[in-house]
There are 2 protein chains.
Amino acid sequence: MSRCEQCIIREFSSLKALTRDELETISETKTHFIVRKGEILFLEGDNLNGVYCVKSGFCKLTKLNSNGKDTIIKLAKSGELLGQRSIINEETSNLTATALEDMQVCFIPKKEMLDYFSDNNKFSLLVTRDICNHLKDADKGLADHTHKTVKERLAIMLLKLEELGGVDPETKSLNIQLSREDLANMVGTATESCIRLLSDLKKEGIIQLSGKKIILVDKAELKNLAQ
Amino acid sequence: MSRCEQCIIREFSSLKALTRDELETISETKTHFIVRKGEILFLEGDNLNGVYCVKSGFCKLTKLNSNGKDTIIKLAKSGELLGQRSIINEETSNLTATALEDMQVCFIPKKEMLDYFSDNNKFSLLVTRDICNHLKDADKGLADHTHKTVKERLAIMLLKLEELGGVDPETKSLNIQLSREDLANMVGTATESCIRLLSDLKKEGIIQLSGKKIILVDKAELKNLAQ
DNA sequence: TTTTTTTTATGATAAATATCATATATTCTA
DNA sequence: TAGAATATATGATATTTATCATAAAAAAAA
């Protein structure tokens, strides 16, 4: 199994603040596994006994609504740590993580995370900053969902998907390919409304569609919509 | 000016983890002031040079939307610290704080907060947990705003206002009295829609209204609506 | 491949919510 | 206190968005 000291992915998260000694200890205790597309990493309400480090692939983090629908709260890609909040607060997870494509994931036990959080100041600062960034995004999302139209939120989401996953250099289409249903759940609208608005954007020449592939043609106009 | 060592309010925030020495230092450096109803503590985009400790009164934390409207992201009451995220992330504030009634506020400089964050593990853990709780609330709010109707969100908000500010023991009306406009901005709807739905709830015997005073009569039904 | 299932697409319609208009009540201010 | 300004209330209407229905396209399974 690969060693954390040699894993480049750690440079993208708070783990970069760990010392060589700490990384070696984590290497001994961590486990590594594959999650297939559609499989669940953890469920809302689960007691997490550690954090998940996404090595490759990406997943959606959702919250189950009383009407049985999932709301996608955010997406996570390689380099991100999942479950930090639950570990720090010693609470069950408030979100469900589901793979949107095959993923490689490492699991780092709670004990090590909490030990280093108290012993390594640089690490705890980075962990807290990471959580702060999530909070800032959530505040922004809340404001957007409160006063923006569905079309505006769709524009925001398309730009966010590009930022998060980038585009295929050949086809220029978004690397993150969501079903219309998932996209609708991120935007916070009905699937049909989402499809309809995508069609509108296509008719207006702002995006191109072919199957799940989406190309952002007129990004200036998208940004204008997103404001 | 009152000394932090003797201030009971600190027991309600992460400040309770500070040592006597640390509290004494803060007492020397902190400033204390009054913010009148409607006045602004800080603006979105402001560079905060410390955190604000709410000693009495409460305020709204808002985000300016591109359409010029404010979205109320949350309310803060006595005992809460404002501006922690900005200090930790060394970023400008992402929210505007406006007093909803006269407030007493202490300002604790950035330097002390950051020093104790690195030196006092108990303190940094509590600060991080506080931020984690805000994140959890924001995730919940995002899910609610995504799939719930305006009436359901109004019910949620009324219950939240009771939880946050309590009720007058005499009249049983909510202590936190918001304008219909502010309430609408928290729920995420038009002022008129908010007024209409309050009237509906009144007709259904779920709440009582007289001016800004709101009495939650049938809390079971409200909770049922809030789900 | 053929069949079945799922996803995407689009029209028709219903429901929810926003906007505009206006009246009344309340609060503020001179 | 009177008058002005603001907040609350409610009707009429417009707009947005969701739901239902159905068809075409794509993907999965036999």
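Computed from a predicted model, the values in this text were never measured in an experiment.

Caption draft 1: A look at the overall build of chain A. Secondary structure assignment for chain A yields 8 helices and 10 strands. Against the globule reference of 17 Å for 227 residues, chain A gives a C-alpha radius of gyration of 19 Å, in line with a compact fold. Each of the three principal axes of chain A carries a C-alpha extent, and together these read 55 × 40 × 30 Å. Scored against the burial criterion, the 227 residues of chain A give a buried share of 53%. Pairs at least 24 apart in sequence give 67% of the contacts found in chain A among residues at least 6 apart. Summing over all exposed atoms, chain A offers an accessible surface of approximately 10200 Å²; the carbon and sulfur share of this is 48%.

Caption draft 2: Spatial organisation of the protein's contact with DNA strand D. In the vicinity of DNA strand D lie 15 residues, with Thr189, Ser193 and Arg196 of chain A together with Arg180 and Ser199 of chain B positioned nearest. At 3.0 Å, a side-chain N or O of Arg196 of chain A approaches a base oxygen of DNA strand D. In this structure, Arg180 of chain B approaches DNA strand D through a side-chain N or O atom, which is 2.9 Å from a phosphate oxygen. For the surface near DNA strand D, the secondary structure elements donating two or more residues are helix H7 (191–203) of chain A together with helix H7 (191–203) of chain B. Take the surface near DNA strand D: its biggest share by element is 4 residues, from H7 of chain B. Across the surface near DNA strand D, the residue classes break down as 3 nonpolar, 5 polar and 7 charged.

Caption draft 3: Examining the domain arrangement of chain A more closely. Residue and element names in this part refer to chain A. Structurally, chain A comprises domain 1 (4–144) and domain 2 (148–226). With 9 residues of domain 1 at the interface, the matching set in domain 2 holds 11 residues. Summing both sides of the interface, domain 1 and domain 2 together bury roughly 1000 Å²; the carbon and sulfur share of this comes to 62%. The largest per-residue losses of area from domain 1 upon contact with domain 2 belong to Ile72, Leu75 and Asp144, which jointly make up 51% of the total buried on that side. Taken together, the connections running from domain 1 to domain 2 amount to 1 salt bridge.

Caption draft 4: Main features of the sheet that holds strand S7 (residues 96–99) of chain B. Residues and elements named next belong to chain B. Taken in spatial order, the 4 strands make up an open sheet running S2-S7-S4-S5, and their pairing is antiparallel. Every interior strand has two partners, whereas the edge strands, strand S2 (40–42) and strand S5 (70–76), have only one. Neighbouring strand axes in the sheet, compared pairwise and without regard to direction, differ in orientation by 30 degrees on average. In the sheet, S2 pairs with S7 via 2 bridges, with the strands oriented antiparallel. Considered in S7, the bridge of Phe42 is made with Ala97.

Caption draft 5: Quick look at the packing of aromatic side chains. All names here are of chain A. In this structure the tally under the stated criterion is 6 aromatic pairs over all chains. Judged by centre distance (5.1 Å) and plane angle (65 degrees), the rings of Tyr52 and Phe107 are edge-to-face. Placement of Tyr52 in strand S3 (residues 50–56) and of Phe107 in strand S8 (residues 103–109) is noted, with a sequence separation of 55 residues between them. A network of ring pairs unites the aromatic residues Phe33, Phe42, Tyr52 and Phe107 as a single cluster.

Caption draft 6: Summary view of the protein's contact with DNA strand C. Taken together, 15 residues are adjacent to DNA strand C, and Arg180, Arg196 and Ser199 of chain A together with Thr189 and Ser193 of chain B come closest. Backbone atoms, meaning sugar and phosphate, form 58% of the atoms of DNA strand C found within 4 Å of the protein. With respect to DNA strand C, the side chain of Ser199 of chain A contributes an N or O atom lying 2.7 Å from a phosphate oxygen. Lys212 of chain A places a side-chain nitrogen or oxygen 3.1 Å from a phosphate oxygen of DNA strand C. For the surface near DNA strand C, the leading source of residues is H7 of chain A, giving 4 residues.

Caption draft 7: Molecular detail of the nonpolar core. Grouped together as the largest cluster of nonpolar side chains are 87 residues, with contacts concentrated most on Leu82 of chain A together with Leu82 of chain B. Setting aside its immediate chain neighbours within four residues, Leu82 of chain A contacts Phe42, Val51, Tyr52, Val54, Cys59, Leu61, Ala76 and Ala97 of chain A. Counting 30 residues, the second largest nonpolar core, distinct from the first, contains Leu100, Leu154, Ile176 and Cys194 of chain A.

Caption draft 8: A look at the interface of chain B and chain A. Contacts between the two partners involve 41 residues from chain B, matched on the other side by 40 residues from chain A. With both chains or domains summed, chain B and chain A bury close to 4000 Å², and 60% of this area falls on carbon and sulfur atoms. Its largest share of buried area at the contact with chain A, chain B owes to Leu135, Leu142 and His147 of chain B, together 17% of the area lost on that side. Taken together, chain B and chain A are joined by 4 salt bridges. Here Arg129 of chain B makes a salt bridge to Glu90 of chain A, at a shortest N to O gap of 3.1 Å. Looking at the side of chain B that touches chain A, the elements that each hand over two or more residues are S5, helix H2 (84–89), helix H3 (110–119) and helix H4 (121–147) of chain B.

Caption draft 9: Spatial organisation of the UniProt feature "domain: Cyclic nucleotide-binding" (unreviewed entry) in chain A. The sites that UniProt annotates as "domain: Cyclic nucleotide-binding" (unreviewed entry) are residues 14–111 of chain A. In this annotation, residues 14–111 of chain A is assigned 18% helix and 42% strand; the end-to-end C-alpha distance for the span is 16 Å.

Caption draft 10: Molecular detail of the state of the cysteines. Residues and elements named next belong to chain A. In the structure shown here, the tally under the stated rule is 0 disulfides over all chains. Between Cys53, a free cysteine, and Cys106, which holds the nearest cysteine sulfur, the sulfur-to-sulfur gap is 5.8 Å. With relative accessibility at 9%, the residue Cys106 sits in the buried group.

Caption draft 11: Highlighting the relation of the copies chain B and chain A. Screw-axis analysis of chain B against chain A gives a translation of 0.0 Å along the axis, an RMSD of 0.0 Å, and a rotation angle of 180 degrees. A rotation of that kind, with that shift, is consistent with a two-fold axis. Interface residue correspondence from chain B to chain A reaches 98%, placing this contact among same-surface, isologous pairings.

About the cut-offs
- Residues numbered from 1 in each chain as written.
- Chains lettered and ligands numbered in written order.
- Predicted model: local features only at pLDDT ≥ 70, side-chain atom pairs only at ≥ 80, totals over all residues.
- Heavy atoms only, no water.
- Helix = DSSP H or I, 4+ residues; strand = E, 2+ residues; numbered from the N terminus.
- Rg over C-alpha atoms; globule rule 2.2 N^0.38 Å.
- Buried < 20%, exposed > 50% of the residue type's maximum accessible area, 1.4 Å probe, protein only.
- Contact = heavy atoms within 4.5 Å.
- Areas by Shrake-Rupley, 256 points an atom, 1.4 Å probe, with all protein chains shown as cover.
- Near = heavy atom within 4 Å.
- Polar contact = N/O pair within 3.5 Å; in protein donor to acceptor, adjacent residues only side chain to side chain.
- Nonpolar A, V, L, I, M, F, W, Y, C, P; charged D, E, K, R; others polar.
- Domains from an automatic or database assignment.
- Buried area = accessible area lost by both parts, 1.4 Å probe.
- Salt bridge = Lys/Arg side-chain N within 4 Å of Asp/Glu carboxyl O.
- Pairing = 2+ DSSP bridges.
- Axes fitted to C-alpha atoms, helices over the stretch in contact; angles between N-to-C directions.
- Phe/Tyr/Trp six-rings, centres within 6.5 Å; stacked < 30°, edge-to-face > 60°.
- Core = buried A, V, L, I, M, F, W, Y, C linked by side-chain atoms within 4.5 Å.
- UniProt positions renumbered as here; feature names shortened; annotations may be inferred.
- Disulfide = S-S within 2.5 Å.
- Least-squares fit on C-alpha atoms with pLDDT ≥ 70 in both.

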